[in-house]
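An overview of the molecular structure
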Amino acid sequence: MMVKGYIGKCAKIDLTKDKVEVVNLPEEYLKDYIGGYGFAAKTLWDELKPGTDPLSPDNILIFNIGPFPGTYLPTSSKYGVFARSPLTGLFGMAISSGSVGLQMRQAGLQQIVFYGKASKPVFLFVDDGDIQIHDAKDYWGKLDSWQTEDKIREEFHDERIGVAAIGKAGEKLARIACITNDRNRQAGRTGMGAVMGSKNLKALAFHGSHQVEVAKPKEWKALALDLIKRANGPSTLKYRDLGTPINTLNFQKLGCLPVDNFREGTSDRANEISGETMAEKWVIKKAACSCCPIACDHLCLAKEGPYKGSISSVDFESLFALGCCSGVYDMNAIIKAIEMCDRDTIDTISGGLCVSFAMECYEKGYLKKEDFGGIEMNLGNVDGMVKFV
Ligand code: SF4
């Protein structure tokens, strides 16, 4: 009998051979390694050969959920992506929220392990346990991650389908490529988007109706209700109210705001990109991941200038990397740069810090205008930052 709380099914997909096998995860495996991180670490430890080139077909790419997605526990709709990282050469992992964790669970899978490389671009659709590999020729090289999500939902006539996709950066194997889902949520770190690209895998899509069976429903309900109450209380107020950009002024007070490629810890312009200013001038909507009452996602709209009309969800890390760390305090430009990163699947943290590093190199004369295709790249050059991205 399956351990309660888990769906317990793993799809092993050999993209080279176009072969899918579904296995039940053993009870001791579920009990000993517990959640998504544990399962993925164990699988990589057991199956990945030492010295594997992270962008070769020999790397193993894992999508995993733990026991919580599909329950009404706050912040439970998480999924993790794991592989040997092309950025660090070490254990690569990136976590995201949105609807994908929930939909993967409802589609009937706990874990997906990809081996090999597809002979042509493909995407995966898991429809209530039915695992399908589709040709992605109309997507690859043509659609960014937002368009991919829209097209898959349109093609399969269901707005609820959870889609995790790569854009240009993943297809071109940029080592800082991330994976985007629900437009504004990213499995951001360690280059997992590049590993998807190296396997010719454009997207994963999920939809289903499997329900979660918990072991002790009464106790579970009491615990979950308590956590929901606390998730609506003072400890998460900052995320619900101003979102993570509240940290701009907190870091400023502590003297550790990343400014001018980490050369300074404060800025007299910090207020221009604070959570407070964002809430007053730029935020147009707050959104939540599936089953989460916190709703920390703060969507901002660029209202004027050349970037007018751009929309993105602005988190503190993206804000400092593409903002003050690069000497940029123009919210319209920051919103635009985040939107480009999210669509083309560039990790905003690594992408932003490439900008600030390049700017310092430019200021010190190590890199010249010609190295940037004619772009002026001095710190604080708003247009330079956007063009570089
Ligand atoms: S809404 Fe915010 S707090 Fe809730 S799961 Fe999503 S990212 Fe986490």
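Residues numbered from 1 in each chain as written. Predicted model: local features only at pLDDT ≥ 70, side-chain atom pairs only at ≥ 80, totals over all residues. Heavy atoms only, no water.

1. What to know about the domain arrangement of the chain
Entries for the chain in the domain assignment read domain 1 (9-207) and domain 2 (233-388). On a C-alpha basis, the centroid separation for the pair domain 1 and domain 2 is 27 Å. Domain 1 puts 33 residues into the contact, and the matching count from domain 2 is 24 residues. Taking both partners together, domain 1 and domain 2 bury about 2,000 Å²; carbon and sulfur atoms supply 56% of that area. Contact with domain 2 buries area across many residues of domain 1, yet Trp146, Ile176 and Arg185 alone supply 30% of it, more than any other trio. For the pair domain 1 and domain 2, the interface holds four salt bridges. Taken together, the elements giving at least two residues each to the side of domain 1 that touches domain 2 come down to helix 4 (145-155), helix 5 (168-171), strand 10 (179-181) and strand 11 (185-187). (Domains from an automatic or database assignment. Contact = heavy atoms within 4.5 Å. Buried area = accessible area lost by both parts, 1.4 Å probe. Salt bridge = Lys/Arg side-chain N within 4 Å of Asp/Glu carboxyl O. Helix = DSSP H or I, 4+ residues; strand = E, 2+ residues; numbered from the N terminus.)

2. A closer look at the sheet that holds strand 15 (residues 311-313)
The strand order across the open sheet built from three strands is 13-14-15, with neighbouring strands paired in antiparallel fashion. Each having just a single partner strand, strand 13 (283-287) and strand 15 make up the two edges of the open sheet. The mean inter-strand angle of the sheet, taken between neighbouring strand axes irrespective of direction, is 25°. Inspection of the sheet shows strand 14 (residues 297-301) paired to strand 15 by three bridges, in the antiparallel sense. Residue leucine 301 lies in a different strand from strand 15, and its bridge partner there is isoleucine 311. (Pairing = 2+ DSSP bridges. Axes fitted to C-alpha atoms, helices over the stretch in contact; angles between N-to-C directions.)

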